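Chain and residue survey
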Amino acid sequence: MQVVLDGLNNILRLAGEESETVGGMIEECGGLDKIEALQSHDNQDIYRMAFSIIDTYFSGDDEEDPSLEPEKTDGGFQFGPAATGPQDTGFNF
């Protein structure tokens, strides 16, 4: 496992400006999910390597849903109910 993680780290490091493209390929084939799962591995070295790869190459890829951002109004933030989702669930409170 350490050899594989070391190899992925080397590939991403040597990709330079193309590391985002290579990272996308890793994500497409389910590799990121596998690396994330290794963060709970019993071996601390494997955990550290997996964490380092995610922190270095994948931490900036998280695109947040703009609808989840709070609306800023007059110096404060205002949170409201989500505009999407089922409107009639059959429950009345």
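Above this text is the structure in question.
Below, the structure is looked at part by part. Keep in mind that this is a model prediction, so the values were computed, not measured. Residue indices begin from 1 for each chain and proceed along its sequence in written order. In view of the model being predicted, local features appear only for residues whose pLDDT reaches at least 70, and side-chain atom pairs are presented and counted only at 80 or more, with totals across whole chains, interfaces and linings using the full set of residues. Side-chain descriptors were evaluated using all non-hydrogen atoms of the structure, hydrogens and water having been removed beforehand.

Looking now at a negative patch on the surface. In this scheme, patches are assembled from residues that exceed 30% relative accessible area and form no salt bridge. Like charges are connected within 9 Å, while nonpolar side chains (Val, Leu, Ile, Met, Phe, Trp, Tyr) are connected within 5 Å. In these tables, accessible area is a Shrake-Rupley quantity obtained with a 1.4 Å probe, and a residue counts as shielded only by the protein chains included in the view. Salt bridges are counted wherever a side-chain nitrogen of Lys or Arg sits within 4 Å of a carboxyl oxygen of Asp or Glu. Neither His nor the chain termini are counted; the positive set is Lys and Arg, and the negative set is Asp and Glu. Here the site of a charge means NZ on Lys, CZ on Arg, CG on Asp, or CD on Glu. Residues Glu-27, Glu-28, Asp-33 and Glu-36 make up a contiguous surface patch of negative charge. By the criteria applied, helices consist of DSSP H or I runs no shorter than four residues and strands consist of E runs no shorter than two, each listed in order from the N terminus. Where the negative patch is concerned, the elements lending two or more residues are helix H2 (19–28) and helix H3 (31–37).

Here we take up the packing of helix H1 (residues 2–15) against H2. One way to put it is that H1 packs onto H2 with a least axis distance of 7 Å and a crossing angle of 145°. On the side of H1, the interface is formed by Leu-8, Ile-11, Leu-12 and Ala-15, while H2 contributes Ser-19, Val-22, Gly-23 and Ile-26. As a working rule, the residues Ala, Val, Leu, Ile, Met, Phe, Trp, Tyr, Cys and Pro are called nonpolar, Asp, Glu, Lys and Arg charged, and the rest polar, with Gly in that last group. For the contact of H1 with H2, the per-class residue count stands at six nonpolar, two polar and no charged. Every axis corresponds to a line fitted to the C-alpha atoms, with the helix fit spanning only the stretch in contact, and the corresponding angles, defined between N-to-C directions, vary from 0 to 180 degrees. Contact criterion: two residues are considered in contact whenever any of their non-hydrogen atoms come within 4.5 Å of each other.

Moving on, we come to the packing of aromatic side chains. Aromatic ring pairs: the centre-centre distance and the angle between the two ring planes describe each pair. Note on ring pairs: Phe, Tyr and Trp rings are taken, using the six-membered ring of Trp, and paired if centres are within 6.5 Å. Classes follow the plane angle, with under 30 degrees stacked, over 60 edge-to-face and the rest tilted. Following the criterion strictly, the structure yields one aromatic pair and no others. Consider the rings of Tyr-47 and Phe-51, whose centres lie 6.2 Å apart with planes at 25°: the pair is stacked. Residue Tyr-47 and its partner Phe-51 are both found in helix H4 (residues 44–58); the two are separated by four residues, about one turn of the helix.

Think of it this way: side chains of opposite charge can pair up when their charged atoms draw near. Inspection of the entire model under this criterion finds one salt bridge. Among the ionic pairs, Asp-45 bridges to Arg-48, the shortest N-O distance being 3.1 Å. Taken as a pair, Asp-45 and Arg-48 lie in helix H4 at a separation of three residues, close to a single helical turn.

By themselves, these figures tell us nothing about what the structure is for.
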